[in-house]
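# Working through the structure, step by step
Each chain is listed here by its residues.
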Amino acid sequence: MNNVYDVQQLLKKFGIFVYIGERILDLELMESEIKDLYHSNLLSKDDLHKALSILRNEILIEKNRKKSGEKHGK
């Protein structure tokens, strides 16, 4: 698992498709679904940590991108 697409494919294996329409909310919902799968003993601890790391990093990137856009009047 190396990127958000890989996390989406993992969720897809469990019949979970996430699309709210706002990137940050999509990522946060994916994070919640990953945690639920782990607590249901459907994911290994290693997969949990990899997925959360990928998602949290992407959330930070998106939030920084949003802040940067606001500073430049976008």
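For every chain, the first residue of its written sequence is number 1, and the numbers climb from 1 along that sequence. A pLDDT threshold of at least 70 governs which residues receive local features in this predicted model, and a stricter bar of 80 or more applies before side-chain atom pairs are shown or counted, although totals over entire chains, interfaces and linings include all residues. As a rule here, side-chain values cover all heavy atoms of the structure and leave hydrogens and water aside.

### Re the nonpolar core
We call a set of buried residues a nonpolar core when its members are Ala, Val, Leu, Ile, Met, Phe, Trp, Tyr or Cys and they connect through side-chain atoms within 4.5 Å of each other. Each residue gets one of three labels from its accessible area relative to the maximum for its type: buried under 20%, exposed over 50%, partly exposed in between, using a 1.4 Å probe on protein chains only. Among the nonpolar cores identified, the biggest contains 17 residues, and V7, L11, L27, M30, I34 and L55 are the most heavily contacted of them. Elements with a contribution of two residues or more to this core: helix 1 (4-13), helix 2 (23-39) and helix 3 (45-71). Beyond its immediate chain neighbours, meaning those up to four positions away, V7 contacts M1, I34, A51, I54 and L55. Starting at the N terminus, helices and strands are each numbered in turn, a helix being any DSSP run of H or I of at least four residues and a strand any DSSP run of E of at least two. By the convention used here, residues are in contact when the closest approach between their heavy atoms is within 4.5 Å.

### Brief notes about the pattern of salt bridges
Every case where a carboxyl oxygen of Asp or Glu lies within 4 Å of a side-chain nitrogen of Lys or Arg is listed as a salt bridge. The full count for this structure, using the stated rule, is seven salt bridges. Across the salt bridge formed by E31 and K35, the nearest N and O atoms sit 3.6 Å from each other. You can see E31 and its partner K35 sitting in helix 2, four residues apart, about one turn around the helix. Taking relative accessible area as the criterion, E31 reaches 12% and is therefore assigned buried. For K35, a relative accessible area of 32% puts it in the partly exposed group. Residues D46 and K50 are paired through a salt bridge, measuring 3.3 Å at the closest nitrogen-oxygen approach. Here K50 and D46 lie together in helix 3, a separation of four residues that amounts to about one turn. A relative accessible area of 46% means that D46 is categorised as partly exposed. Residue class for K50 comes out partly exposed when judged on its relative accessible area of 35%. Through salt bridges that share partners, R23, E58, E62 and R65 make up one connected network.

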